[in-house]
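The residues making up each chain are set out below.
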There are 4 protein chains.
Amino acid sequence: MSSAPVFEHRLTRRVQFHETDAAGVVHFSRYFVYVEEAEHALWRSAGLSIHPRQADVGWPRVHASFDYHRALRFEEEFEAWIRIVAIDEKTISYVCTLSRGDTRIATGRLTIACATRQPNQPMRAAPIPPEVRSRLAVAPSTGAAKRDES
Amino acid sequence: MSSAPVFEHRLTRRVQFHETDAAGVVHFSRYFVYVEEAEHALWRSAGLSIHPRQADVGWPRVHASFDYHRALRFEEEFEAWIRIVAIDEKTISYVCTLSRGDTRIATGRLTIACATRQPNQPMRAAPIPPEVRSRLAVAPSTGAAKRDES
Amino acid sequence: MSSAPVFEHRLTRRVQFHETDAAGVVHFSRYFVYVEEAEHALWRSAGLSIHPRQADVGWPRVHASFDYHRALRFEEEFEAWIRIVAIDEKTISYVCTLSRGDTRIATGRLTIACATRQPNQPMRAAPIPPEVRSRLAVAPSTGAAKRDES
Amino acid sequence: MSSAPVFEHRLTRRVQFHETDAAGVVHFSRYFVYVEEAEHALWRSAGLSIHPRQADVGWPRVHASFDYHRALRFEEEFEAWIRIVAIDEKTISYVCTLSRGDTRIATGRLTIACATRQPNQPMRAAPIPPEVRSRLAVAPSTGAAKRDES
């Protein structure tokens, strides 16, 4: 397993046909699927599963957004680069940049909360477990990253 | 609640944009979503939920198919007519016809099995509960129905 | 057709099974499908289609976000209330509130841009056509609406 | 590019969270997405795109079916093995087996038709173009394949 805590992941992905819509491009709701796929890959690279079969906590989303700059089309390859930008007591925040080669496609933000997970009961906010906290880290704020997000 | 057992349901539905693909028509995988929406509406009309929060059994699909005759496009209205064609000890079989006005769009078949549903255990085939069996019925095989399916 | 310009729409919807995920609730990406369904219903109520078969312009999304307050579960009925909050030269902005009875589920924002739509050419921002502008209006900012969004 | 015609493809894939439903397993409609992803990868491995931006023909689906044997869960890795079993004048038929290790998950069939593709006109059946026909081949019917499909 990884020794140093993980703060980013780059997922390379090809646009599938079922992700396109009648405008000939990827449907805007699918970008949220892309950021989640990148998020879960980040967790796996940290030796974690975000939804193990038996777990006391779950990770409901509390905020998700995208700014769309360019379209993606069928069979195009793109990269989803997700970074952890904040870890608070009960929430984790990410920024995600989708790009195709040098072209920036979209910039997204995602915040998830740790919540108790019990059958047939409403979720309640809960502290992030130490096991998770020790494996995830906040991404360093480099000039390059800042430029990319501007 | 309904007194006589229910054997069919007609669902009227409009094509949503996210259901289309880059060929400009509804993606073929969505037809299986349509038949399921009609199935669950049939169960509700029989006073049942196919997935109540606490239940001993679930209803995994064991077969699903569609023959596609015509395309559906954004904002078109269509009808999904589902009928129960067989109820065995552990399975229920449906036929579903999608149509837009007088135009037949597609004909599908769906078979589901009753299975025990316990956390973190594989599902096992189980007899259909009497409560379900008493509320659902096999559709009468009329000449009209036969003609429609030919 | 409608005489007065339309600025809001309330869509009543039931959660479908395929919209849920293994956490037992509606997947967060589906909320963006809900807001779009409400948007397109608003356009229809104004006598418009957002994607007619032959059109010079399309309406790519430039921003979409949701803040999630509560979960939605299978077969729950909810309301998606969408309002136009701004119409600029080339963009239209909406706010959308999802609620189940008196419970607020989520609050979303969506901004779309008018863009030229020509086969195999990149889209370019374009002024909103007068026909569209005359049928859509900005929602009045009432105290009730403000309270709801606070 | 490939020299020998291609008749099969094995796609390795991981179950994504948004593909699961409230029963905790992959939604049955998603299997049709998996077979299509494998189909399009097969075409790419043959040097073809099934939906190039400018093309005279498209490939609507005329039949799709799955028999479901086992469930797939979040983050499980599986293989979608698709083979061409017939190429007629205007149609191509595939068989697709989904498996996880030695466990057979599902067996599907898919038939697509070649059709003319013109803006705002209904599709019409058309002969498969020689370019496509020369790059695709029917899979040899081996004892192993037969055993697998029994």
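For the structure, see preceding data.
Residues numbered from 1 in each chain as written. Chains lettered and ligands numbered in written order. Predicted model: local features only at pLDDT ≥ 70, side-chain atom pairs only at ≥ 80, totals over all residues. Heavy atoms only, no water.

**A closer look at the overall build of chain A**
Here's step 1: Helix and strand counts for chain A stand at three helices and seven strands.
Here's step 2: The order of helices and strands in chain A, counted from the N terminus, is β-α-β-β-β-β-β-β-α-α.
Here's step 3: Over its C-alpha atoms chain A spans a radius of gyration of 16 Å, differing by no more than 12% from the 15 Å that the globule rule assigns to 150 residues.
Here's step 4: Overall, the C-alpha framework of chain A stretches about 40 × 40 × 25 Å when taken along its three principal axes.
Here's step 5: Split into buried and exposed, the 150 residues of chain A put 53% on the buried side.
Here's step 6: Here the analysis covers contacts within chain A between residues at least 6 apart in sequence; of these, 69% occur between residues at least 24 apart.
Here's step 7: With an accessible surface of roughly 6600 Å², chain A has 49% of that area assigned to carbon and sulfur atoms. (Helix = DSSP H or I, 4+ residues; strand = E, 2+ residues; numbered from the N terminus. Rg over C-alpha atoms; globule rule 2.2 N^0.38 Å. Buried < 20%, exposed > 50% of the residue type's maximum accessible area, 1.4 Å probe, protein only. Contact = heavy atoms within 4.5 Å. Areas by Shrake-Rupley, 256 points an atom, 1.4 Å probe, with all protein chains shown as cover.)

**Quick notes on the side chain of A:Glu19**
All names here are of chain A.
Here's step 1: When you line up the elements, Glu19 lands in the loop between strand 1 (8-14) and helix 1 (30-45).
Here's step 2: In this structure the side chain of Glu19 is engaged in a polar contact, spanning 3.0 Å, whose partner is the backbone nitrogen of Gln16.
Here's step 3: Leaving out residues up to four positions away in the same chain, Glu19 has contacts with Arg13, Arg14, Val25, Val26, His27, Arg30 and Tyr34. (Polar contact = N/O pair within 3.5 Å; in protein donor to acceptor, adjacent residues only side chain to side chain.)

**Some remarks on the relation of the copies chain C and chain A**
Here's step 1: Between chain C and chain A, which share one sequence, the superposing operator has a rotation angle of 180° and an axial displacement of 0.0 Å; the RMSD is 0.0 Å. Those values place the two copies in the arrangement expected of a two-fold rotation axis. When C-alpha positions in chain C are compared against the rotation axis, the closest is assigned to C:Ser65, at 2.0 Å.
Here's step 2: A share of 100% of the interface residues of chain C reappears at the interface of chain A, consistent with the copies meeting face to face through the same patch. (Least-squares fit on C-alpha atoms with pLDDT ≥ 70 in both.)

**With respect to the pairing of strand 3 (residues 61-68) of chain D**
Here's step 1: Sheet topology places strand 3 (residues 61-68) of chain B next to strand 3 of chain D; five bridges connect them, and they run antiparallel. Across the sheet, residue B:Asp67 finds its bridge partner in strand 3 of chain D, namely D:His63.
Here's step 2: In terms of strand pairing, strand 3 of chain D meets strand 6 (residues 103-113) of chain D through seven bridges, oriented antiparallel. Paired with D:His63 across the bridge in strand 6 of chain D is D:Thr111. (Pairing = 2+ DSSP bridges.)

**Things to note about the sheet that holds strand 1 (residues 8-14) of chain C**
Here's step 1: Pairing within the open sheet is antiparallel, and its ten strands lie in the order 1(A)-4(A)-5(A)-6(A)-3(A)-3(C)-6(C)-5(C)-4(C)-1(C). Here the strands that pair on one side only, and so sit at the sheet edges, are strand 1 of chain A together with strand 1 of chain C. Taken over all neighbouring pairs, the strand axes of this sheet differ in orientation by 15° on average, direction set aside.
Here's step 2: Relative to strand 6 (residues 103-113) of chain A, strand 5 (residues 91-100) of chain A is paired through ten bridges, and the arrangement is antiparallel. In the sheet register, A:Ser93 faces strand 6 of chain A, and the bridge partner there is A:Thr111.
Here's step 3: Packing of helix 1 (residues 30-45) of chain C onto the sheet brings it into contact with strand 3 (61-68) of chain A together with strand 1, strand 3 (61-68), strand 4 (77-87), strand 5 (91-100) and strand 6 (103-113) of chain C, and relative to strand 1 of chain C it is tilted by some 130°. (Axes fitted to C-alpha atoms, helices over the stretch in contact; angles between N-to-C directions.)

**Comments concerning the packing of aromatic side chains**
Here's step 1: Counting across every chain of the model gives 42 aromatic pairs over all chains.
Here's step 2: When the centroid spacing of 4.8 Å and the interplanar angle of 70° are considered together, the rings of C:Tyr31 and C:Tyr68 count as edge-to-face. In this pair, C:Tyr31 is assigned in helix 1 and C:Tyr68 in strand 3, connecting sequence segments 37 residues apart. Here C:Tyr31 and C:Tyr68 have matching classes, each one buried.
Here's step 3: Relative to D:Phe74, the ring of D:Phe17 has its centre 5.2 Å away and its plane inclined at 80°; by these criteria the two rings are edge-to-face. Within this pair, whereas D:Phe17 is found in the loop between strand 1 (8-14) and helix 1 (30-45), its partner D:Phe74 is found in the loop between strand 3 and strand 4 (77-87), the two being separated by 57 residues in sequence.
Here's step 4: For D:Phe17, a relative accessible area of 8% gives the class buried.
Here's step 5: The aromatic ring of D:Phe28 is capped on one face by B:Arg61, whose charged end is 5.4 Å from the ring centroid.
Here's step 6: If you follow C:Arg10 out to its NZ or CZ, it ends over the ring of C:Trp81, 4.3 Å from the centre. (Phe/Tyr/Trp six-rings, centres within 6.5 Å; stacked < 30°, edge-to-face > 60°. Lys NZ or Arg CZ within 6 Å of the ring centre and 35° of its normal.)

**Structural notes on the interface of chain C and chain A**
Here's step 1: Contact with chain C, which involves 20 residues of that partner, is made by 20 residues of chain A.
Here's step 2: Considering only the side of chain C, the residues that lose the most area to chain A are C:Phe28, C:Phe32 and C:Tyr68, jointly responsible for 28% of the buried surface there.
Here's step 3: Linking chain C to chain A there are ten residue pairs in polar contact (both at pLDDT 80 or more).
Here's step 4: Taken together, the elements giving at least two residues each to the side of chain C that touches chain A come down to helix 1 and strand 3 of chain C.
Here's step 5: In terms of residue count, strand 3 of chain C provides more of the side of chain C that touches chain A than any other element does, eight residues in total. (Buried area = accessible area lost by both parts, 1.4 Å probe.)

**Examining the pattern of salt bridges**
Here's step 1: Tallying each qualifying case throughout the model produces 44 salt bridges over all chains.
Here's step 2: A salt bridge links B:Glu37 to B:Arg13; its shortest N-O distance comes to 2.8 Å. A residue pair is termed long-range when its members are at least 10 positions apart, and B:Glu37 in helix 1 (residues 30-45) and B:Arg13 in strand 1 (residues 8-14) qualify at 24 residues. As far as burial versus exposure is concerned, B:Glu37 and B:Arg13 are alike and both buried.
Here's step 3: One salt-bridge network, in which partners are shared between bridges, spans A:Arg13, A:Glu19, A:Arg30 and A:Glu37. (Salt bridge = Lys/Arg side-chain N within 4 Å of Asp/Glu carboxyl O.)

**Overview of the sheet that holds strand 1 of chain D**
Note on sheets: strands pair through backbone hydrogen bonds, and any given pair is parallel or antiparallel.
Here's step 1: Ordered in space as 1(B)-4(B)-5(B)-6(B)-3(B)-3(D)-6(D)-5(D)-4(D)-1(D), the ten strands form an open sheet in which the pairing is antiparallel. Two strands bound the open sheet, and with one partner strand each, they are strand 1 of chain B together with strand 1 of chain D. Averaged over all pairs of adjacent strands, the angle between their axes in this sheet comes to 15°, without regard to strand direction.
Here's step 2: In the sheet, strand 4 (residues 77-87) of chain B pairs with strand 5 (residues 91-100) of chain B via eight bridges, with the strands oriented antiparallel. Within strand 5 of chain B, the residue paired with B:Glu79 across the bridge is B:Ser99.
Here's step 3: Sheet strands in contact with helix 1 of chain D are strand 3 of chain B together with strand 1, strand 3, strand 4, strand 5 (91-100) and strand 6 of chain D, and its direction is about 130° off that of strand 1 of chain D.

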